[in-house]
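A structural walkthrough
Here are the chains, one letter per residue:
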Amino acid sequence: MGLKNIPAVDEILAQKPVTKLIEKYNREFVVQLVRRTLDQQRKEIRASGQSLERAQILKEVVGKLGRLAEEASQGTLVRVINATGVVLHTNLGRAPLGNRALHYMQEMAGTYNNLEMDLERGERGSRYTHVEALLQELTGAEAALVVNNNAAAVLLGLSTLAASREVIVSRGQLVEIGGAFRIPEVMKLSGAKLVEVGTTNKTYIADFRNAITDQTGLLFAAHTSNYKIIGFTEEVTLEELVALGEETSLPVMQDLGSGILLSPSGWGLEEEPTVQACIKAGVDVVTFSGDKLLGGPQAGIIVGRKHLIDAMKKNQLTRALRVDKLTIAALEGTLIEFLAGDPENNIPVIAMLARTEELLQQQAEELHARITSSIGNHKRVELIELIPLEDMVGGGAYPTHKIRGYGVEIKFKGISLEEVARKLRQTEPAVVTRRQEDRLTISVRTLLNDDAQTIAKLLAEVLSVK
Ligand SMILES: *Cc1c(COP(=O)(O)O)cnc(C)c1O
């Protein structure tokens, strides 16, 4: 066996290319890689029973190190081109941020800031003041609080307003939302006692009224987000719930899920109550996500009555669920865009939904031309076609609604669709596509910046490797 020919670690570290690696990274890191590579080399030699010359082993190990160092020094989070046409793709990080949020976040990230300092008085301030005024202005609510995500917002709301008390919820709204957010489970965790009323398809305000006892702490409504009951259905309206809350002096909390600030009807989507509309209707507490249709960072936004929000701010849980300066900066940037900017152009998620069919078709034509010029003549390409597509909002919003979109579909020959799709997921940046029957489809709605150009280039790259 040729194990005796395995060079010593120090011998490898003394090689010129390796000393360069030590300069670029650090010694400990490179030593670890050398050890790992030598172990692997030993295993290979043992398994094959082959004996290699010392010089050959040395060359192989040194040759591998550069690539290994490059790989090991990279994060696992990589850029992905979303060609699926699903705007809020939870697996792909939901909302890409707009420029205002990005600039603001970058500026605050690398410097000190007044996160918790009142600069006028030179005293300790609160991190929650930063977005509060913006949220008051935009939603009409008396007060606001931001926590880690909407799941946290619901948890905090329930824990503050109804711990060890009863919370009445319609059976039609006991939903599970992506990544295992289950209303009944969150309820349990908060210490509140769930009282289910009505049936899966029909709940009346009388069901709520009949369930109220002296133990009741809260009337709760949840947006069913990712599913829809159709047919004979009846759900309690917000107005009815608010009226009952007023009559019985019980607070009403609504988990909106994907809170919107702009009416989506102009984008061809069904009308949904905006956050402002819920506040105006008299809902006491509204919770929603920062990274769904708001198009901002992951966050849970709570708006509503001041005394209730104040109580939440004092809850110890708030400390555990708090957001950091980056989230606050990104959220401020996003909210300012809604207040004083142009969200339909500058918030990517909104811009993607607001884009007209004509524009999408035009973009699909451009993509078609680019792809045709890059792989149109390739022997593995059977056809490239511009097609209308059905895009989705995603993120648990509008689960059954398909939005008319455009894209390009490609049919391959002599190579499986799975293989092309897999290879595209491994390019840099990675490309995540959709398929329709035996074709790969690329929707233009969710492409950003020069993604179209990049996709055309990457397709050629993927087809050229054997
Ligand atoms: C998405 C959603 C949640 C969870 O929000 P996160 O921000 O992902 O924690 C909770 N409730 C509803 C109704 C939702 O749609």
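This text gives an overview of the structure that appears in the document. Predicted model only: the values in this text are computed from it and were never measured.

1. Brief notes about the layout of surface pockets
Regions of empty space are outlined by a rolling probe, equal in size to a water molecule, passed over the atoms. Within this model, the largest pocket holds a volume of roughly 1200 Å³. For the largest pocket, the lining is made up of 43 residues, of which P96, M352, T446, L448 and D451 are closest to its centre. When contributions to the lining of the largest pocket are tallied by element, the ones reaching two or more residues are strand 1 (80–82), helix 5 (99–109), helix 15 (343–346), helix 16 (348–354), helix 17 (357–375) and helix 19 (451–464). In terms of residues, the lining of the largest pocket owes the most to one element, helix 17, which gives four residues. Broken down by class, the residue content of the lining of the largest pocket amounts to 20 nonpolar, 15 polar and eight charged. Domain assignment of the residues forming the lining of the largest pocket places at least three in each of domain 2 (80–88 + 354–464) and domain 3 (99–343). Around the second largest pocket sit 34 residues that line it, and Q173, A222, H223, T224 and E235 are the ones nearest its centre. For the lining of the second largest pocket, the elements supplying multiple residues, two or more each, are strand 10 (216–222), helix 10 (238–248), strand 11 (252–257) and strand 15 (397–412). It is strand 15 that provides the largest number of residues to the lining of the second largest pocket, a total of four residues.

2. Things to note about empty space enclosed by the protein
Here the structure, examined in full by the defined rule, presents three cavities of 30 Å³ or more. In this model, the largest cavity occupies a volume close to 100 Å³. Lining the largest cavity we find H223, S225, L256, S258, G259, I260, E272, P273, L293, G396, A397 and Y398. In the lining of the largest cavity, the residues fall into six nonpolar, five polar and one charged. Mapped onto the domain boundaries, the lining of the largest cavity takes at least three residues apiece from domain 2 (80–88 + 354–464) and domain 3 (99–343).

3. As for the packing of aromatic side chains
Following the criterion strictly, the structure yields one aromatic pair and no others. Seen in terms of ring centroids, Y25 and F29 are 5.3 Å apart; in terms of plane orientation they differ by 45 degrees. Their pairing is tilted.

4. Considerations on the pattern of salt bridges
Across all of its chains, the model carries 27 salt bridges by this definition. For D118, the salt bridge identified is with R121, shortest N-O distance 3.2 Å. Residue R305 pairs with E142 through a salt bridge whose shortest N-O separation is 3.7 Å. In this pair, R305 is assigned in the loop between strand 13 (300–304) and helix 12 (306–314) and E142 in the loop between helix 6 (129–139) and strand 5 (143–147), connecting sequence segments 163 residues apart. A relative accessible area of 42% places E142 in the partly exposed class. Bridged by salt links that share partners, the residues E382, E409, K411, D438 and R439 form one connected network.

5. Details of the pairing of strand 11
Among the six residues in strand 11, six count as buried, and that is most of the element. Along strand 11, one buried face is formed by V252, Q254 and L256 and the opposite face, lined by M253, D255 and G257, is buried too. Summarising the sheet, strand 10 and strand 11 pair through four bridges and their orientation is parallel. Paired with L219 across the two strands is V252, which belongs to strand 11.

Scoring rules and cut-offs
Residues numbered from 1 in each chain as written. Predicted model: local features only at pLDDT ≥ 70, side-chain atom pairs only at ≥ 80, totals over all residues. Heavy atoms only, no water. 1 Å grid on protein atoms, 1.4 Å probe; cavity = no way out; pocket = protein on both sides within 12 Å on 5 of 7 lines; lining within 4 Å. Points joined across faces, edges and corners; volume = space filled by probe spheres on them. Helix = DSSP H or I, 4+ residues; strand = E, 2+ residues; numbered from the N terminus. Nonpolar A, V, L, I, M, F, W, Y, C, P; charged D, E, K, R; others polar. Domains from an automatic or database assignment. Phe/Tyr/Trp six-rings, centres within 6.5 Å; stacked < 30°, edge-to-face > 60°. Salt bridge = Lys/Arg side-chain N within 4 Å of Asp/Glu carboxyl O. Buried < 20%, exposed > 50% of the residue type's maximum accessible area, 1.4 Å probe, protein only. Pairing = 2+ DSSP bridges.

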